[in-house]
Amino acid sequence: MAVTSARQLDAAALRAQFPIFEQAGGARRLAYLDSSNSSQKPRAVLDAMQTFYETSYANVHRGVYELADRAAAAFEDSREKVRAFVNAGSQREIIYTRNATEALNLVAYAWGLENLGPGDVALVTELEHHSNFVPWQLIAERTGATFAAIPIEGGNHELDLSKLDEIAKRGQIKVLAVGLVNNSLGVVNPVSELAAWAHEQGAICVVDACQAAPHRPIDVQTLGADFVAFTGHKMLGPTGIGVLWGRQELLQSMQPFNVGGGQIRHVSLEKTTWNDLPHKFEAGTPPIVEAIGLGAAIDYLNEVGLESIEDHEVEITEYALGRLGEIFGLTIFGPPLERRGGIISFDLDGVHPHDVAQILGNEGVAVRAGHHCTQPLMKRLGVAATTRASFYLYTLPEEIDRLVDGLHRAKKVFA
Amino acid sequence: MAFDEMYREVILDHYKNPRGHGVIEGADAEADGQNPLCGDEVSIYVQFGADNETIEDVKFRGRGCAISQAATSMLTEMVTGRKATAIAEMPRDELLEEVGIPLSPVRLKCALLGLGVLKVALHRAKGTPLPEEWAGMDELKLT
Ligand SMILES: Cc1ncc(COP(=O)(O)O)c(C=O)c1O
């Protein structure tokens, strides 16, 4: 992680702008360490959505009355915010979906079904979320292509790039699907390097940026990927909206994934032609108000500054790694701080993650216990599940302290 | 929920010293099950008595949280000596009463994992009915 000169954020002050933290005081007040699962929402986002419903709501791209124009303009304004957020070359490359999973399925179906066949390899990694793993497994199965995964090495659970040459011998690699930041252990993958390698193989590179977009600046023009997906609800926005960025040439060459209203140019009994990008891939009434909310979330993130957010998370993660490291019998998975997002997965000897999370939950500390939608990775780690704490711009050191206290309590119960 | 209530002594005792823990080689009935939410696993083995109906011995093996493992341990005590048909009909509340702690919907799945696997094992060996709520487990295979 780069050392930047970003201004330091005041997490306690930001936290006051999130209504959820105003609830239930006392010892059980919420310590929310599950932001990589889904983030909480600032009042600015909630207000933007409420105001839009109250003053500007109509369906988009359909009506000719003034209200409909206003709604459509706000909807497209939000698309412009997303474009600028990831520095895409054009708004035509920003496609709204229901969530990241749908964005990744869109690529697998619309690109993969047409471009994969016997002798080809669809390559993922052992660190992938099921949403960037299973679609490619399914499409490989349907097209007769080989499905393979870049393995991790034992020590820090990072991708073992020494295996790439060997994998390349298994067939013509057509697609590499890889996450920027892994969601269960926080591993930061060398995506630009991998994308360059993929291109050398004649493959496209599909990047799952769900755990990166909320936390660090992304520039799709320098990243080297061909598709990038992320999801609104992890970046202070509402549920029900995801984003797919894709290179225009590729998007142009693809058939749509969903078809129907809003994405067509002309329909007749004989033939249907498609609307222009990005609408070609946005069938049906889109998540209009969710897009407004996502736009407001991006405004909020920009105002705080992604560099500041990243710096804050590095600080919190460093503190948490130190404090958790003091606990006897606790094993932390994943890489050192320099190559880690604000995520820590661990095992507490003798206490199952469910029980850890339950005891923490009873103390008002919210963490996630489970396989985090990365079952192949869990198998590789030799565990059924881990306990995971994850951080964001509103995370306070005292939340880490409460996590540590809760873990001592869990140890005592199960001693 | 007070946390001492959740991890009351009897739960922790069954978790730390599970009854009926192990494998029966050549069991008359057996099945594996997994909680898709957390990946917890339970395998159950049943040996019938001379009447080929009464559960004479039942053992389990698995990995999981205290709730899932303790509930399965309690289950082995509850079903030994009873007929397969009776267990196939055993309502889940009978086990939940024995477990005796308030459970959230997610933790309910932990507590009921063993009972579901046992019902699947009996269904496969004896053709006892498998009510809909358990049917999904019959399709699960452990890898
Ligand atoms: C790395 C990663 N990819 C994909 C997803 C799926 O996101 P969504 O459920 O919003 O589609 C998640 C969220 O759980 C994730 O962490």
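Everything that follows concerns the structure shown earlier in this document.
Being a predicted model, the structure only gives us computed values, none of them experimental.

Cut-offs applied
- Residues numbered from 1 in each chain as written.
- Chains lettered and ligands numbered in written order.
- Predicted model: local features only at pLDDT ≥ 70, side-chain atom pairs only at ≥ 80, totals over all residues.
- Heavy atoms only, no water.
- Pairing = 2+ DSSP bridges.
- Helix = DSSP H or I, 4+ residues; strand = E, 2+ residues; numbered from the N terminus.
- Axes fitted to C-alpha atoms, helices over the stretch in contact; angles between N-to-C directions.
- Contact = heavy atoms within 4.5 Å.
- Buried < 20%, exposed > 50% of the residue type's maximum accessible area, 1.4 Å probe, protein only.
- Left-handed = near helix turned anticlockwise from the far one by under 90°.
- Nonpolar A, V, L, I, M, F, W, Y, C, P; charged D, E, K, R; others polar.
- Salt bridge = Lys/Arg side-chain N within 4 Å of Asp/Glu carboxyl O.
- Buried area = accessible area lost by both parts, 1.4 Å probe.
- Polar contact = N/O pair within 3.5 Å; in protein donor to acceptor, adjacent residues only side chain to side chain.
- Near = heavy atom within 4 Å.
- Areas by Shrake-Rupley, 256 points an atom, 1.4 Å probe, with all protein chains shown as cover.

Asks: Before we move on, could you go through the sheet that holds strand β8 (residues 242-246) of chain A and cite the residues and values that matter?
Replies: Either a parallel or an antiparallel arrangement is found when strands of a sheet pair, and the pairing is made through backbone hydrogen bonds. All names here are of chain A. With respect to topology, seven strands assemble into an open sheet ordered β2-β8-β7-β6-β5-β3-β4, the strand pairing being mixed. Each edge of the open sheet is held by one strand with a lone partner, namely β2 (94-97) and β4 (146-150). Strand-to-strand twist of the sheet, defined as the mean angle between neighbouring strand axes without regard to direction, takes the value 20°. With five bridges connecting them, strand β5 (residues 172-179) and strand β6 (residues 204-208) associate as parallel partners. Within β6, the position partnered with Gly179 by the bridge is Asp208. Lying on the sheet, helix α5 (residues 134-143) is in contact with β3 (120-125), β4, β5 and β6; it crosses β4 at an angle near 150°.

Asks: I'd like a rundown of helix α12 (residues 353-362) of chain A, residues and numbers included.
Replies: All names here are of chain A. Summarising burial for α12: nine of the ten residues are buried, a large majority. All buried positions along α12 are accounted for by Pro353, His354, Asp355, Val356, Ala357, Gln358, Ile359, Leu360 and Asn362. The first or second residue beyond α12 is Gly364, which carries a positive phi of 85°.

Asks: Give a description of the sheet that holds strand β14 (residues 368-370) of chain A that names residues and reports values.
Replies: Residues and elements named next belong to chain A. One open sheet accounts for four strands, arranged β11-β12-β15-β14; its pairing is antiparallel. The open sheet has two edge strands, β11 (330-332) and β14, and neither has a second partner. Pairwise comparison of adjacent strand axes, ignoring direction, gives a mean angle of 30° for this sheet. The pairing of β11 with strand β12 (residues 343-348) spans three bridges and is classified as antiparallel. Each bridged residue has a counterpart across the sheet, and for Thr331 the counterpart in β12 is Asp347. Docked against the sheet, helix α14 (residues 397-413) engages β11, β12 and β15 (386-390), running at close to 15° with respect to β12.

Asks: An account of the packing of α12 of chain A against helix α6 (residues 105-126) of chain B is requested, with residue identities and associated values reported.
Replies: Packing of α12 of chain A against α6 of chain B leaves a shortest axis separation of 12 Å and a crossing angle of 145°. The two elements α12 of chain A and α6 of chain B meet at a crossing, and its hand is left-handed. For the pair α12 of chain A and α6 of chain B, the contacting residues are His354, Asp355 and Gln358 of chain A in the first and Val106, Arg107 and Cys110 of chain B in the second. Considered class by class, the residues forming the contact of α12 of chain A with α6 of chain B number two nonpolar, two polar and two charged.

Asks: Account for the pattern of salt bridges, naming residues and giving values.
Replies: Side chains bearing opposite charge may pair, as long as their charged atoms lie close to each other. In this structure the tally under the stated criterion is 25 salt bridges over all chains. One salt bridge in this structure joins Asp355 of chain A and Arg107 of chain B, with 3.2 Å as the shortest N-O distance. Taken as a pair, Asp355 of chain A in helix α12 and Arg107 of chain B in helix α6 lie in two separate chains rather than in one. You'll find Asp355 of chain A and Arg107 of chain B in the same group, each marked buried. Each member of the salt-bridge network shares a partner with another, and the members are Glu76, Arg79 and Glu282 of chain A.

Asks: Give me the interface of chain A and chain B: which residues, what numbers.
Replies: Counting residues at the interface gives 18 residues for chain A and 20 residues for chain B. Summed over both partners, the interface of chain A with chain B buries about 1,600 Å², with 53% contributed by carbon and sulfur atoms. Seen at the junction of chain A and chain B, the total is one salt bridge. Seen at the junction of chain A and chain B, the total is seven residue pairs in polar contact (both at pLDDT 80 or more). For the side of chain A that touches chain B, the elements supplying multiple residues, two or more each, are α12 and α14 of chain A. It is α12 of chain A that provides the largest number of residues to the side of chain A that touches chain B, a total of five residues.

Asks: A description of the side chain of Thr317 of chain A should follow, citing residues and the corresponding values.
Replies: With respect to the helices and strands, the residue Thr317 of chain A is situated in helix α11 (residues 306-325). If we skip the residues at most four places from it in the chain, Thr317 of chain A touches Leu337, Arg340, Gly341, Gly342, Ile344 and Phe391 of chain A.

Asks: Requested: an account of the site of the ligand, with residues and values cited.
Replies: All names here are of chain A. Around the ligand, the neighbouring residues are Asn99, Ala100, Thr101, His129, Ser131, Asn183, Asp208, Cys210, Gln211, Thr231, His233 and Lys234. With respect to the ligand, the side chain of Asp208 contributes an N or O atom lying 2.5 Å from a nitrogen atom. The separation between an oxygen atom of the ligand and a polar side-chain atom of Thr231 is 2.7 Å. When the free accessible area of the ligand is taken as 400 Å², the share hidden by the protein chains comes to 88%. Across the shell around the ligand, the residue classes tally to two nonpolar, eight polar and two charged.

Interpretation in functional terms is not warranted from these geometric data alone.
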